[in-house]
Amino acid sequence: QGDGEYEDGLAVAYRAGAEVLDKGGTALDAVCAAVVSLEDNPLFNSARGSALRADGSIQTDAAVMSGDGRAGAVAAVECARNPVTVARRVMEDGTAVLRTQIGAPTLKSWGLTVVDQEYLRTPGRVAQLENVQAGRIPAQTHGTVGAVALDLRGRLAAATSTGGMVNQSVGRIGDSPLIGAGTYARDGVVAVSCTGSGEAFIQGVVAHEIASRVRHGGADLAEAVRDVLDDEVGRRGVTGGIIAVGGNGRVVVAHNSPAMFAAFDHGGRVTVWS
């Protein structure tokens with residue numbers, strides 16, 4: 001696929017979230033709408049189109065967090081059409097923040113759509129795994145979708161969803177579903193969603209570290225994002241990217257990887273950046 005198809009997919013997802021905000025909806029509703037759009041697009045590594053693990057199977061992870069401190073996350077989900085909706089349901093249920101291996105019976109009881117592995121698996125991902133395992137191409141450490149938003153009432157939210165890394169070991173969990181590592185939001189401060197080599201984002205507690213530098217250290221948001229990316233990701237010799245929106249509506253997109261796609265509002269029009 002060419003870059004144009006990814007840009008189109010991002011623009012559609014952005015508009016899905018923006019439409020929620022334009023109608024006075026919450027930041028949480030907006031980020032979930034945007035991420036659902038990306039999960040349904042097989043070009044992206046989340047839900048349909050997820051990377052395959054070493055044994056050829058797919059397990060998905062997702063997290064949501066609203067700026068009032070509520071959060072929900074899921075890991076190792078094998079049959080959800082939209083893992084981000086499962087993470088939100090965990091948040092709303094309130095009995096846990098992170099749950100693993102939620103199966104079809106529970107998803108159905110929650111009124112969420114169940115799919116089989118064949119729906120999630122795409123020919124491109126099958127070929128990718130074969131080529132990685134044969135040593136023809138290097139394993140990719142990136143592959144996450146996420147959204148951050150500030151609504152008309154000043155509330156912040158973040159959502160992240162991923163299929164993990166291609167050829168990853170069975171049982172590996174990255175940063176996406178870990179609150180404070182790959183996903184974090186705090187009203188009046190920042191909402192953050194991350195992508196990249198998950199272990200570095202976990203070890204650096206990257207999303208929360210950005211929020212802490214802004215909230216407690218008085219750092220400028222762009223400065224905090226750039227410095228944390230350098231200090232906690234680049235220092236470990238790996239790459240990644242971050243999207244963030246501050247309590248004042250400032251949007252920051254940064255990465256130290258060769259490329260990263262992002263869509264955001266710039267002067268009243270949708271801008272897709274890479």
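Now for a quick tour of the structure. Every residue gets a number counted from 1 within its own chain, in the order that chain's sequence is written. Local features are withheld for residues below a pLDDT of 70 in this predicted model, meaning they are given only at 70 or higher, and side-chain atom pairs are given and counted only at 80 or more; totals for whole chains, interfaces and linings count all residues. Derived side-chain values reflect all non-hydrogen atoms in the structure, with water molecules and hydrogen atoms excluded from consideration.

## Some details on a nonpolar patch on the surface
Note the following rule: By definition, no residue in a patch forms a salt bridge, and every one has over 30% relative accessible area; like charges are joined within 9 Å, nonpolar side chains (Val, Leu, Ile, Met, Phe, Trp, Tyr) within 5 Å. In these tables, accessible area is a Shrake-Rupley quantity obtained with a 1.4 Å probe, and a residue counts as shielded only by the protein chains included in the view. The salt bridge criterion pairs a side-chain nitrogen of Lys or Arg with a carboxyl oxygen of Asp or Glu, the two atoms within 4 Å. The way it works is that DSSP assigns letters per residue, a run of H or I at least four long becomes a helix, a run of E at least two long becomes a strand, and they are numbered from the N terminus.
On the surface, Val97, Leu98 and Ile179 cluster together into a nonpolar patch covering about 220 Å² of accessible area. Mapped onto the elements, Ile179 comes out in the loop between strand E5 (156-162) and strand E6 (183-186).

## Side note on the environment of Tyr184
The criterion, for reference: When accessible area is computed with a 1.4 Å probe and restricted to protein chains, residues below 20% of their type maximum are described as buried, those above 50% as exposed, and intermediate ones as partly exposed. Throughout, a residue-residue contact means that at least one pair of heavy atoms, one from each residue, lies within 4.5 Å.
Here Tyr184 lies in strand E6. Residue classification places Tyr184 among the buried residues on the basis of a relative accessible area of 10%. Distance in space between the C-alpha atoms of Tyr184 and Ala27 is 13 Å, their sequence separation being 157 residues. Ignoring anything within four residues of it in the chain, the contact list for Tyr184 reads Met65, Ala158, Ile179, Val190, Ala191, Val192, Ala207, His208 and Ala211.

## Considerations on the pairing of strand E2 (residues 71-77)
To be explicit about the condition: When DSSP finds two or more bridges between two strands, those strands count as paired. Think of it like this: strands point away, you trace from the first strand over the helix to the second, and a clockwise trace means the crossover is right-handed.
Of all seven residues in E2, seven are buried; the element is thus mostly enclosed. Connecting strand E1 (residues 60-66) to the next strand, E2, in antiparallel fashion are four residues, including Gly69 with a positive phi near 100 degrees. Pairing of E2 with strand E3 (residues 98-100) involves three bridges; the strand directions are parallel. Opposite Ala75, over in E3, you have Thr100 as the bridge partner. Assessed by its sense of winding, the connection that carries the chain from E2 through helix H3 (residues 83-93) to E3 is left-handed.

## What to know about the nonpolar core
To keep things clear, this is the line we draw: Residues belong to a common nonpolar core when they are buried Ala, Val, Leu, Ile, Met, Phe, Trp, Tyr or Cys residues joined through side-chain atoms within 4.5 Å.
In terms of nonpolar packing, the biggest core is built from 33 residues, with Leu28, Val31, Val64, Val74, Val86, Ile102 and Leu107 touching the most fellow members. Looking at this core, the elements that each hand over two or more residues are helix H1 (3-22), helix H2 (27-39), E1, E2, H3, strand E4 (144-150) and E5. Setting aside anything within four residues of it in sequence, one finds Val64 in contact with Leu28, Cys32, Arg70, Ala71, Gly72, Val84, Ala87, Arg88, Met91, Ala158, Ala159 and Ile179. Counting 29 residues, the second-largest nonpolar core is a separate cluster that includes Ala71, Tyr184, Val214 and Leu229.

## A few points about the packing of aromatic side chains
How two aromatic rings sit relative to each other is given by the distance of their centres and the angle of their planes. Put simply, the rule is: Note on aromatic contacts: the rings of Phe and Tyr and the six-membered ring of Trp form a pair at centre separations within 6.5 Å, being stacked when their planes are under 30 degrees apart, edge-to-face when over 60 apart, and tilted otherwise.
In this structure the tally under the stated criterion is two aromatic pairs. Where Tyr6 meets Phe44, the ring centres are 5.6 Å apart and the plane angle is 85 degrees; that geometry is what we call edge-to-face. Here Tyr6 is found in helix H1, whereas its partner Phe44 is found in the loop between H2 and E1, with 38 residues between them in sequence. When the ring of Tyr6 is compared with that of Phe261, the centres are 5.8 Å apart and the planes differ by 5 degrees; the resulting orientation is stacked. A residue pair is termed long-range when its members are at least 10 positions apart, and Tyr6 in helix H1 and Phe261 in the loop between strand E9 (251-255) and strand E10 (262-266) qualify at 255 residues. The rings of Tyr6, Phe44 and Phe261 are connected pair by pair, giving a single aromatic cluster.

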